[in-house]
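Structure assessment
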Amino acid sequence: MGMSTDFAADVIVIGSGAGGGFVATALAEAGKSVLLLERGQWFDYTKDFPARYPDWQSRASAFRLGSFFSDPTIAFHKGPAISNKDFDLCSRQNINKLQKYKHRGSFNYHRVFGVGGTTLHYQGEAHRFPDHAFDMKDRYGFGINWPLSYEDLAPYYARAEKWLGVAGDPANPFKATRGPYPTPAHDLSTKTQWVKRGSDKLGWSLLPNSLVMPSESYDGRSPCRYTGMCIKGCPFGAKSSVDLAILPRGLKTGNLKILDKTRVLELETASDGSIIGVIYLQGGEKKRVTADRYVLSTGAIETPRLLLASQSGFYPNGVGNQHDRVGRNLMETIFSVLTLEADRPVQAWKGQPIDSRIWDFNSPGYGNNRNGFVLGVSSSMSVYTGPLSYARHITGTGKAHKDAVRKKFGRIVNLFGIAEHGPDENNRVTLSDKKDKQGMPKVIVNSDYNERDKRTLREMINKLALLAEATEPAKIMNLFSTYNSPQTTHLAGTCMMGNDPEQSVVDGNGKVHGVKNLYIADASILPGQGMGDSPSLTIQALALRIADKMN
Ligand SMILES: Cc1cc2nc3c(=O)[nH]c(=O)nc-3n(C[C@H](O)[C@H](O)[C@H](O)COP(=O)(O)OP(=O)(O)OC[C@H]3O[C@@H](n4cnc5c(N)ncnc54)[C@H](O)[C@@H]3O)c2cc1C
Ligand code: SF4
């Protein structure tokens, strides 16, 4: 096809985020030659992130350019209708006034193109999923059983935590018994201690979160300094994002080569269905590269997009899609935030963005047939962060405005909940006939909540209201809900793992069913969402296990 063929490697890994960075590093440490192709650029925390500068509040995020604004992956698509009986699940600017939405909004996908992927921007929660999340169908009669158990993954969780220097407290009665974390748990921030009074009154357990923000110097990096800026990129290099904590290990072996600003457009297949190369775009030029084996780690939207778009005589409907499973069972983030004004100054800006969680509800309820969810306290989930944001969002002028900003600054706190979204094969990613700037088809995301998902969200919102009342704030301000406004941070499921090739895309070792040299290691293979826990540590532990099984 008139294209030069570059390097050959034992393994090509595509995408350097939570999954790709781990699988590439583990393979390189095991002696394989690995070529890692990454669409985005390297970032340098000493100069690229807004929090390095005095005008940080008005600086654009380093991650927006080239991500969801200038390169929309997802074709705009109006969501399903919202019925009158479900208005209580929708966002409300004023907590006392129901807002009547006609339909769900278009799908908004948050992720980063960059070396380290979305871990550059994430909030560093590092959760082992509870053991009951792995065999949901057997235990509760809904959801999907994983092809492996918590015990199978436990040693890989421990290895991932060690690589990341996770800080945490092992005493969590809602999780499997475990050993100490690599670094001790952080103290709770002032705002979280304020909410803890409410949680204690209700008899709930507000516990310190486990975070990839070491509480002591780790691997020569600074410990966390409590700025709450993780989403904009850590200005001290303290957050263990994959570019800082993992890829340097792989590069040290001499076996790993990373090409950044390199976008893979297509997987090439041979007449027997094996993968024989990838076509990529770099500096405006199309090139080809080959290896013995390939690992796809481009995330839960890009991975099905690449598979579906790679069509050939052998795979007329896309690679690995012989049974029409690629793109199905998309699990969104069921997420809700209640914003409060505290009755006292609580230094809301200070501390990690999510330093605590309440796991009391992380088992599905048998009687009321709902899914598991987890609550938490956050400084980063509303428009109120630094002083400028308070000044912008508090109405008024002149002295009265200044007085109001001074009084409220540091008092606005968010309570939030995240729930498991039940897998449903009709919630799916398909290719659009619209193309992006580089000629790749955009995707259409069709996704909705079933009645159990709605019951779960309703109960979660009710629990947030109880917690708010028990905390006795000066004011409950507003409610945000992903029911009317899908904002996905914790995606899963579009290339699900399973034993049955007719119901899943990869097996329990991450190998694509029916394709002898293709693996997937990213969020798309998760058969569930850990009942509201954050997914990256599980993606990373699975990536380490997949690398082991490839050896
Ligand atoms: C605001 C926010 C907060 C979050 N907080 C947490 C948290 O606290 N804890 C947690 O566990 N999770 C959190 N998450 C979720 C977490 O970041 C993701 O689940 C995780 O990063 C997914 O890993 P991945 O490997 O599937 O994809 P990613 O980490 O997104 O990596 C995919 C990589 O593939 C690259 N890529 C894409 N297409 C191509 C292509 N065609 N060619 C080459 N490269 C390509 C991308 O540039 C990217 O680097 C958060 C997410 C967001 C948005
Ligand atoms: S809270 Fe800690 S890890 Fe997050 S940006 Fe601040 S110093 Fe970095």
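Residues numbered from 1 in each chain as written. Chains lettered and ligands numbered in written order. Predicted model: local features only at pLDDT ≥ 70, side-chain atom pairs only at ≥ 80, totals over all residues.

**Regarding unusual backbone geometry**
In the Ramachandran plot, Tyr-226 falls in the positive-phi region, its phi being about 65° despite a non-glycine side chain. Examined against the element boundaries, Tyr-226 turns out to sit in the loop between β6 (206-208) and α5 (242-245). Residue Tyr-226 is classed as partly exposed on the basis of its 17 C-beta neighbours within 10 Å. A positive phi is found at Met-531, a non-glycine position, where the angle reads about 60°. Structurally, the position occupied by Met-531 is in the loop between β19 (518-520) and α11 (536-550). A residue is classified by how many C-beta atoms lie within 10 Å of it, and Met-531, with 25 of them, is buried. (Helix = DSSP H or I, 4+ residues; strand = E, 2+ residues; numbered from the N terminus. Buried ≥ 20, exposed ≤ 12 C-beta atoms within 10 Å, placed from the backbone.)

**With respect to the packing of helix α4 (residues 190-202) against helix α10 (residues 451-471)**
The geometry of α4 relative to α10 is characterised by a closest axis approach of 8 Å and an angle of 110° between their N-to-C directions. On the basis of their axis angle, the class for α4 and α10 is roughly perpendicular. The segment α4 lies against α10, with Trp-194, Val-195, Arg-197, Gly-198, Ser-199, Lys-201 and Leu-202 engaging Leu-466, Leu-467, Ala-470 and Thr-471. Grouping the amino acids of the contact of α4 with α10 by side-chain chemistry returns 6 nonpolar, 3 polar and 2 charged. (Axes fitted to C-alpha atoms, helices over the stretch in contact; angles between N-to-C directions. Parallel < 35°, antiparallel > 145°, perpendicular 65-115°, else oblique. Contact = placed C-beta atoms within 7 Å. Nonpolar A, V, L, I, M, F, W, Y, C, P; charged D, E, K, R; others polar.)

**Remarks on the sheet that holds strand β13 (residues 373-378)**
Taken together, 6 strands build an open sheet; the order of strands is β6-β12-β13-β14-β11-β17 and the sheet is antiparallel. Lying at the two open borders of the sheet, with one neighbouring strand each, are β6 and β17 (475-481). Within this sheet the neighbouring strands show an average axis-to-axis angle of 25°, counted without direction. Note that strand β11 (residues 334-341) and β17 share 6 bridges and pair antiparallel. Paired with Glu-341 across the two strands is Lys-475, which belongs to β17. (Pairing = 2+ DSSP bridges.)

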